[in-house]
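Next come the chains, spelled out residue by residue.
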Amino acid sequence: MTRSDLENRLLEFDGVAVTILSEAREACGEMADYWPELVRLSPSSEGHISAAATWIIKAELEDGATPPAPALANLISALSDISAWQAQLHLCQCLHLASLSTDQARAAAKWATGFAIHKRPFLRAWSLNLRAALGVNHAVLAKDGQKARETALADTAASVRARARHMPG
């Protein structure tokens, strides 16, 4: 199978120089299969592709993009396959910006719950933040969102407590 232009560009990412990702976003953003390709590459274990794809997803959502419903559904379905902590972090930082259905929000919150005791405080903080934000956006998750905020406020890491003070809810 030949690699897409987007995949080739993401392979160039060294895990640090995000200029490459901005250029890939600019060059490939109009491709018909842009979102499906980002989602397909998100769980990749090759190089830094996973972190690169999710960095672009985060940038797109922060800029107000609306991923096609099938791509969003596939991303939510693939969450448990994403193992790079940087990619997990990116998604914790941005999934609340997507127009998630209640079922998708529940799945994202359940996934994020797995990071509540992660050894990396930054990932812990943003996973709790995601749950808090989903609780604001989806009434059915309000109690979980409040619990996440309370958990973050009691965390041993100052960075997690600091994030808690800025959490929605």
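Note that the structure is predicted; figures quoted are calculated from it, not measured. (Residues numbered from 1 in each chain as written. Predicted model: local features only at pLDDT ≥ 70, side-chain atom pairs only at ≥ 80, totals over all residues. Heavy atoms only, no water.)

K.L.:
Please explain the environment of Ala154 as it appears in this structure.
P.N.:
On the secondary structure map, Ala154 appears in the loop between α9 (142-153) and α10 (158-164). Of the residues examined, Ala154 reaches a relative accessible area of 62% and is grouped as exposed. Taking the C-alpha atoms as reference points, Ala154 and Ala164, 10 residues apart in sequence, are found 9.1 Å from one another. (Helix = DSSP H or I, 4+ residues; strand = E, 2+ residues; numbered from the N terminus. Buried < 20%, exposed > 50% of the residue type's maximum accessible area, 1.4 Å probe, protein only.)

K.L.:
Is there a simple way to think about the packing of aromatic side chains in this case?
P.N.:
Geometry of an aromatic ring pair is reported as the spacing of the ring centres plus the angle between the planes. Within the structure shown, the criterion is met by three aromatic pairs. Geometrically, the ring pair formed by Tyr34 and Trp35 is edge-to-face, given 6.2 Å between the ring centres and 75 degrees between the ring planes. Assessed through its relative accessible area of 2%, Tyr34 is described here as buried. Here Trp111 and Phe115 contribute two aromatic rings whose centre-to-centre distance is 5.1 Å and whose plane-to-plane angle is 85 degrees, an arrangement assigned as edge-to-face. Considered together, Trp111 and Phe115 belong to a single accessibility category, that of buried residues. The positively charged end of Arg163 is found above the aromatic ring belonging to Trp126, 4.1 Å away from the centroid. (Phe/Tyr/Trp six-rings, centres within 6.5 Å; stacked < 30°, edge-to-face > 60°. Lys NZ or Arg CZ within 6 Å of the ring centre and 35° of its normal.)

K.L.:
How should α9 be read in this particular structure?
P.N.:
Within an α-helix, residues lying three or four positions from one another point in the same direction, as the helix has 3.6 residues per turn. In a regular helix each residue adds 1.5 Å, so 12 residues correspond to 16 Å; α9 covers 17 Å between its end C-alpha atoms and thus fits that length. Gly145, Ala148, Arg149 and Ala152 are the residues of α9 that are buried. Buried residues in α9, looked at end-on, bunch into an arc of 100 degrees, giving them a common side. Facing away from the buried side of α9, by more than 90 degrees, are the exposed residues Lys143 and Lys147. Summarising the contacts, the buried residues of α9 are in contact with α8 (121-137) and α10. (Expected span 1.5 Å × (residues − 1). Arc of directions from axis to C-beta. Contact = heavy atoms within 4.5 Å.)

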